[in-house]
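Chain and residue survey
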Amino acid sequence: MEERVLIEGIRQRNQLVFEYIFEYYYSGLCVFCLNYINDKLVVEDIVQEFFLYLWSEAHSLEINTSLRSYMFSAVKYKCLDYKKHLVVKDKFNSYVKENNEVSNNDVFDHYVESELREIIQKELDKLPKRCREIFILSRFKGKSNLEIAEQLNISKRTVEIQISNALKVLKVSLKDYLFLLPIFFR
Amino acid sequence: MKQNRENNIQELFAGYFRNELSAEDKDKVNRWRQLSAENEVEFMRIKKVWDLTGILNQMEDFNVSNALHKFRKNIKSTPNSSWVNLQKIAAILIVPILIYTGFISYSHFLRTYNNQAQVVWQEFRAIPGSLSNITLPDSSTVCLNMGSTIKFPSTFNTDTRDVFLVGEAYFNVTQDKDHPFLVKTGKVNIEVLGTKFNVSNYEDSNEFEVVLESGKVGLFSGSYKNKKDLGKLLPGERVVYQKSNNSLMVDKVNVDDFTCWKDGILVFKDTPMKETVNKLSRWFNTKIELEDPELEDYFFTATFIEENLMQVLELLKHSTPIDYKIEQHREFKNGSYTKEIIKVYKKK
């Protein structure tokens, strides 16, 4: 749906529009927040609260950028706010340890599940069956190379080769998504 | 051969990303990366693919439909989340009906406002059977429904513009940010911020209702200086305060249904018969009584524009399980008399 239509729908508190953007952005926003707060439950609360805030302030919203960048940066600020207000010191310390490289200046990419899935699925489907199977076990089922080798009764080396092949193929077809920051030659 | 070695190195990437490599292999990869800018770019590209698939995997872990279900529930109970749970402030509302309703203590108002220069309090009552259009000292307009009363000063020269209402009125308030417009109706009062809204505060009703057409209103209890905010209404919303169980309910409505009375249109939408009969009584200035209590919860829907009472009663008789009987007015020896009464009962 066109962004302008969506923004107008939000301003008018059109429930259909709200449900559409909720389903479209929810998981992407959650994963994005994980960069700032490594806690799935907290992150879901923050995103849920953000949508409720959007609903209650609908009429007075001013979205000057794209809807997408508005959503992601608004939710980013909610995360930073949350961190600022953490009262329990222990919790805060563990966040600091896990996120010691995250500062206000860090930029994380904005991804939406349906878009990502479409691209990745399309490219994964192009892979040879075995290669795809191994790659999925590794990347989507979280299995280690050794576990995969044992499960499929093949050598660990084969697993490594197959994953490497998959990555090479995907690298080519996902090239539009590989927005890379400047590389510093070490 | 270089190609072979590169292939071998790339096979180590997955292990590298997962931190499963031996120190020796990890070094191999790092050294390969440092050999050239192309190597490093190649590494980063593969890492990016790795990350993207990982991100998709993470996304799948979030249950969107559960979250959406939660969202739907949340917006239903609080259309705007500024509403206060009344239970928490029940203590404040135990205060008995304030003197603002009814016609008691006229002198109280004079006492309170007497230090101001020559302010005269005026009271307007819309004659039963008619509407009254009134302009307030600040150019705000009020349409008073039948049998309703509004009280306000000849000039608004205090910090707040106060009016008192018993009954029902449609307000169109001029904006004046420095002087909040307050509608005092009893336990729950209204603070207005330049808007159009309808207030229903009938004495014989268990409910107090405000419907907002445009602008913004806030509800509060207690005095304005020490007000306890109960929440804010947005256009298209209605708040209903139930006196009997001290509760607030907010929902979205078609505003026209609640303000059309000022254009002479009578609307019933799933209205319980008891309320229908009350509304008709006021509208036609006739006492109408429900004889059979079973009829009370029957829900009635209709729109009347210019029908007279007889036409409405006939329609009710044909479309609902009711019948009616007119009792003529009787005059007593001492000169008093009863008005004509219409008795509505269940069809046999």
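To keep things clear, this report deals only with the structure shown in the data block. Bear in mind the structure is a predicted one, so any value in this text is a computation, not a measurement. (Residues numbered from 1 in each chain as written. Chains lettered and ligands numbered in written order. Predicted model: local features only at pLDDT ≥ 70, side-chain atom pairs only at ≥ 80, totals over all residues. Heavy atoms only, no water.)

1. Considering the overall build of chain A
Heads up, the condition is: Helical segments are the DSSP runs of H or I of at least four residues, strand segments are the runs of E of at least two, and each set is numbered from the N terminus. Using a 1.4 Å probe on the protein chains alone, a residue whose accessible area is under 20% of its type maximum counts as buried, one over 50% counts as exposed, and one in between counts as partly exposed. Here, two residues are considered to be in contact whenever any of their heavy atoms come within 4.5 Å of each other.
Secondary structure assignment for chain A yields nine helices and zero strands. Ordering the α and β elements of chain A from the N terminus gives α-α-α-α-α-α-α-α-α. For chain A, buried positions account for 43% of its 186 residues. A sequence separation of at least 24 residues applies to 63% of the contacts in chain A between residues at least 6 apart.

2. Considering the interface of chain A and chain B
Put simply, the rule is: Here the buried area means the combined drop in accessible surface, using a 1.4 Å probe, for two parts upon being joined, counting both sides. Between Lys or Arg on one side and Asp or Glu on the other, a salt bridge is scored when a side-chain nitrogen of the former is within 4 Å of a carboxyl oxygen of the latter. In the analysis that follows, any N or O atom pair within 3.5 Å is treated as a polar contact, provided that within protein one partner can donate a hydrogen and the other can accept it, and provided that, for residues neighboring in sequence, both atoms belong to side chains.
Across the boundary between the two partners, chain A contributes 54 residues, which contact 50 residues of chain B. The contact between chain A and chain B buries some 4900 Å² in all, and 66% of this surface belongs to carbon and sulfur atoms. Taken together, the connections running from chain A to chain B amount to seven salt bridges. Note that R72 of chain B and E19 of chain A form a salt bridge whose closest N and O atoms lie 2.6 Å from each other. Here chain A is connected to chain B by 14 residue pairs in polar contact (both at pLDDT 80 or more). Every element with two or more residues in the side of chain A that touches chain B is listed here: α2 (15–34), α3 (40–56), α6 (113–126), α7 (129–139) and α9 (156–173) of chain A. The element best represented in the side of chain A that touches chain B is α2 of chain A, accounting for 11 residues.

3. Structural notes on the pattern of salt bridges
Across all of its chains, the model carries 25 salt bridges over all chains by this definition. As a salt-bridge pair, R33 of chain B and E40 of chain B come within 3.0 Å of each other at their nearest N and O atoms. A network of salt bridges, in which partner residues are shared, links E113 and R117 of chain A together with E60 of chain B.

4. Focus: the nonpolar core
All names here are of chain A. Here is the rule: As used here, the term nonpolar core means buried Ala, Val, Leu, Ile, Met, Phe, Trp, Tyr and Cys residues forming a set that is joined through side-chain atoms within 4.5 Å. Domain segmentation is taken from an automatic or database assignment of domains.
Of all hydrophobic cores here, the largest spans 80 residues; its most connected members are F51, L54, L67 and M71. Looking at this core element by element, the count peaks at 12 residues for α2. In this structure, this core is formed jointly by two domains, domain 1 (1–84) and domain 2 (125–186), each of which donates at least three residues. The contacts of L54, once residues within four sequence positions are left out, are I10, F18, I21, L61, Y70 and M71.

5. What about the pairing of strand β4 (residues 149–153) of chain B?
All names here are of chain B. Short version of the rule: Note on pairing: two strands pair once DSSP finds at least 2 bridges between them.
Counting buried positions along β4 yields five of five residues, so the element is predominantly enclosed. Of the two faces of β4, the one carrying T149, K151 and P153 and the one carrying I150 and F152 are both buried. Bridge analysis of strand β1 (residues 121–125) against β4 gives five bridges, and the strand direction is antiparallel. Bridging across to β4, R125 finds its partner in T149. Pairing between β4 and strand β5 (residues 161–172): three bridges, direction antiparallel. In the strand pairing of β5, I150 is matched with L165.

6. Brief notes about the packing of α7 of chain A against helix α4 (residues 37–60) of chain B
The condition that has to hold: In this analysis an axis means a line fitted to C-alpha atoms, helices contributing only their contacting stretch, and an angle means the value between N-to-C directions, from 0 to 180 degrees. Comment on the angle field: the value is read as roughly parallel under 35 degrees, roughly antiparallel over 145, roughly perpendicular from 65 to 115, and oblique elsewhere. Note on convention: near helix rotated counterclockwise from far helix by under a right angle means a left-handed crossing. Clockwise means right-handed. Three residue categories are used. Nonpolar comprises Ala, Val, Leu, Ile, Met, Phe, Trp, Tyr, Cys and Pro, charged comprises Asp, Glu, Lys and Arg, and polar comprises the others, including Gly.
Where α7 of chain A contacts α4 of chain B, the axes come no closer than 10 Å and their chain directions differ by 65°. The pairing of α7 of chain A with α4 of chain B is recorded here as roughly perpendicular in orientation. As for how α7 of chain A packs across α4 of chain B, the hand of that crossing is right-handed. Taking contact as the criterion, the partners of F135, S138 and R139 of chain A in α7 of chain A are, on α4 of chain B, W50, D51, T53, G54 and N57 of chain B. Across the contact of α7 of chain A with α4 of chain B, the residue classes tally to two nonpolar, four polar and two charged.

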